[in-house]
Amino acid sequence: MTEKYTALYEEHKKLGASFTDFGGRQMPLKYSSELAEHHAVRKSAGLFDLSHMGEVWVTGPDAAAFLDYALVGKISAMPVGKAKYSLICNEAGGIIDDLITYRQPTAADGTDVFLVVPNAGNAGVVAAALAGRAEGFDAQVDDASAATSLIAVQGPKAQELLLRLVPAAQHGLVTELKYYAAVEVPILVGGTGLDLLLARTGYTGEDGFEIFVSDDHAVGLWQALVAIADDGELTPAGLACRDSLRLEAGMPLYGNELSLEGDPFAAGLGPVVALSKEGDFVGKAALAAKKEAGAGSTTGRRLVGLKGLGRRAGRAHYPVLKDGNVVGEVTSGQPSPTLGYPVAMAYVDVELTGPGTALDIDLRGKAEPFEVVDLPFYKRTR
């Protein structure tokens, strides 16, 4: 298989990054210490290349109605400038991917414009699924992933740093931007103001922004962000710390907490599924049946947080035990750099999911004590 690279690959090499294949691209795993990068995001700000993510534009007179049919959420109810977390499921109710949809200002001809952002490894699958579901709707699906970069600044200093690249007259566009919202902002790159889509979203549990930029300008934007930061203010951060940050924040990862074999109710994402919206959507009948059967509430297993009472961490696929019997399976787990104890997410039999329930994780033959806790493990101070 031919290796693929983001537009920022050479920048990462200059910084001494260690690389890993993720979503079919060579991505920075870490630059020096994933622990130092994790703490930098929690205490100051981290700079991420997220160009492995997908960007799929959906436009046309029926764009909103089409997305109501293609996704489980009520996308048509979303105001312009807002973002919505949703799922795309198959007919059996299995999760193809979780994604964020941004509603953009209407086009000059008055038609709706949406940007759908799927996860790295699923970008092509989601784009193909959307294109296949568009039949019968006056809506166009355009996969722009190959020509789009995504750069994130995450952490307590994110806003302060970004404002240094935004003309003073437009600072309000940034400071007044709410969480899960997006707006075009002029950002200075090489002395030139580029109108870039700025979203107040992220995957770290901190305040922060994700900036959509064409591949042609990605290097310039990255270098501009590095240049305006004082020493220690902005740390390039890789996928390793992104994983530990999202785990502390209780955010699911496709392939770990979410899959085709799972369902939204077991994953604690029942509120994302708009069964009451008018008309049909892909997977509606199956999801309604799962909810009626008590999936994730009275039957099966449900995703929970587990706090380690010892020092050893559980890892993905380790069995969860109660009195020596297997009652679940870990999906993600590691020591929490911020909290100082092991944390894990796991699917556990629903009758054992109450906070404070004592459970064990089988760590290669040795039972290690954990207890069920509410997610997220970490919440930033606002």
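Residues numbered from 1 in each chain as written. Predicted model: local features only at pLDDT ≥ 70, side-chain atom pairs only at ≥ 80, totals over all residues. Heavy atoms only, no water.

**Section: the overall build of the protein**
Selection rule: Secondary structure follows DSSP: runs of H or I at least 4 residues long count as helices, runs of E at least 2 residues long count as strands, and numbering of each begins at the N terminus. Put simply, the radius of gyration uses C-alpha atoms, and a globule should come to 2.2 Å times the residue count raised to 0.38. Relative accessibility decides the category of a residue: with a 1.4 Å probe and only protein chains considered, values under 20% of the type maximum give buried, values over 50% give exposed, and everything between is partly exposed. Contacts are residue-level and defined by heavy atoms, with any inter-residue pair within 4.5 Å sufficient. Shrake-Rupley sampling with a 1.4 Å probe provides the accessible areas, and residues are treated as covered by the protein chains on show and by no other component.
Within the protein one finds 9 helices and 20 strands. For 382 residues, the compact-globule formula gives about 21 Å, and the C-alpha radius of gyration of the protein, at 21 Å, lands near that figure. Taken over the C-alpha atoms alone, the protein extends approximately 65 × 55 × 45 Å along its principal axes. Residue burial in the protein is summarised as follows: out of 382 residues, 54% are buried. Contacts in the protein between residues at least 24 apart in sequence constitute 65% of all its contacts with a sequence separation of at least 6. With the model as given, the accessible surface of the protein reaches about 16,200 Å², and the carbon-plus-sulfur share is 51%.

**Observations concerning the sheet that holds strand 1 (residues 4-5)**
The criterion, for reference: Strands pair, by our definition, only if DSSP identifies at least two bridges between them. Every angle, taken between N-to-C directions, lies between 0 and 180 degrees, and every axis is a line fitted to C-alpha atoms, over only the stretch in contact when it is a helix.
Read across the open sheet, the 3 strands follow the order 1-3-2; overall the sheet is mixed. Here the strands that pair on one side only, and so sit at the sheet edges, are strand 1 and strand 2 (18-22). Here 5 bridges tie strand 2 to strand 3 (residues 25-30), and the two strands are oriented antiparallel to one another. From the neighbouring strand, Phe19 faces strand 3, where its bridge partner is Pro28. Strands in contact with helix 8 (residues 239-248) are strand 2 and strand 3; relative to strand 3, the strand with the most contacts, it is inclined by about 70 degrees.

**Considerations on the nonpolar core**
When a protein is soluble and globular, its nonpolar side chains tend to lie buried together. Going by this rule: Joining through side-chain atoms within 4.5 Å is the link that ties buried Ala, Val, Leu, Ile, Met, Phe, Trp, Tyr and Cys residues into a set, and such a set is a nonpolar core.
Judged by nonpolar contacts, the single largest core of 32 residues is most densely connected at Ile187, Leu221 and Leu225. Listing elements by their share of this core, those giving two or more residues are strand 10 (148-154), helix 5 (158-163), strand 11 (182-189), strand 12 (192-199), strand 13 (208-214) and helix 7 (215-228). Here Ile187 is in contact with Leu162, Leu165, Val166, Thr192, Gly193, Leu194, Leu196, Ile211 and Leu221, once residues within four sequence places are set aside.

**Overview of the UniProt feature "domain: GCVT N-terminal" (unreviewed entry) in the protein**
Rules: UniProt positions are given in the numbering used here, feature names are shortened, and annotations may be inferred rather than shown by experiment.
Under the feature "domain: GCVT N-terminal" (unreviewed entry), the UniProt entry names residues 8-277. Between the end C-alpha atoms of residues 8-277 the distance is 41 Å, and the span holds 26% helix and 29% strand.

**Topic: unusual backbone geometry**
For the peptide bond that leads from Leu375 to Pro376, omega is 0 degrees, which places it in the cis range. Mapped onto the secondary structure, Pro376 falls in the segment after strand 20 (366-373). Unusually for a residue other than glycine, Tyr180 sits at a positive phi of about 60 degrees. By the element assignment, Tyr180 lies in the loop between helix 6 (171-175) and strand 11. A positive phi is found at His317, a non-glycine position, where the angle reads about 80 degrees. Within the fold, His317 resides in the loop between strand 15 (301-308) and strand 16 (319-322).

**A word on the packing of aromatic side chains**
Let me state the cut-off plainly: By convention, a stacked pair of Phe, Tyr or Trp rings (six-membered ring in the case of Trp) has centres within 6.5 Å and planes under 30 degrees apart, an edge-to-face pair has planes over 60 apart, and any other such pair is tilted. Comment: the charge-over-ring label is applied if NZ (Lys) or CZ (Arg) is within 6 Å of the ring centre and within 35 degrees of the ring normal.
Taken as a whole and assessed by the stated rule, the structure comprises 6 aromatic pairs. With a centroid separation of 4.3 Å and 50 degrees between ring planes, the pair formed by Tyr5 and Tyr9 is classed as tilted. When its relative accessible area of 37% is taken as the criterion, Tyr5 is described as partly exposed. Grouped by ring-pair contacts, the aromatic residues Tyr5, Tyr9 and Phe19 constitute a single cluster. One residue, Arg42, lies across the ring of Tyr378, its end atom 3.9 Å from the ring centre. Above the plane of the ring of Phe281 lies Lys277, whose end atom (NZ or CZ) is 4.5 Å from the centre.

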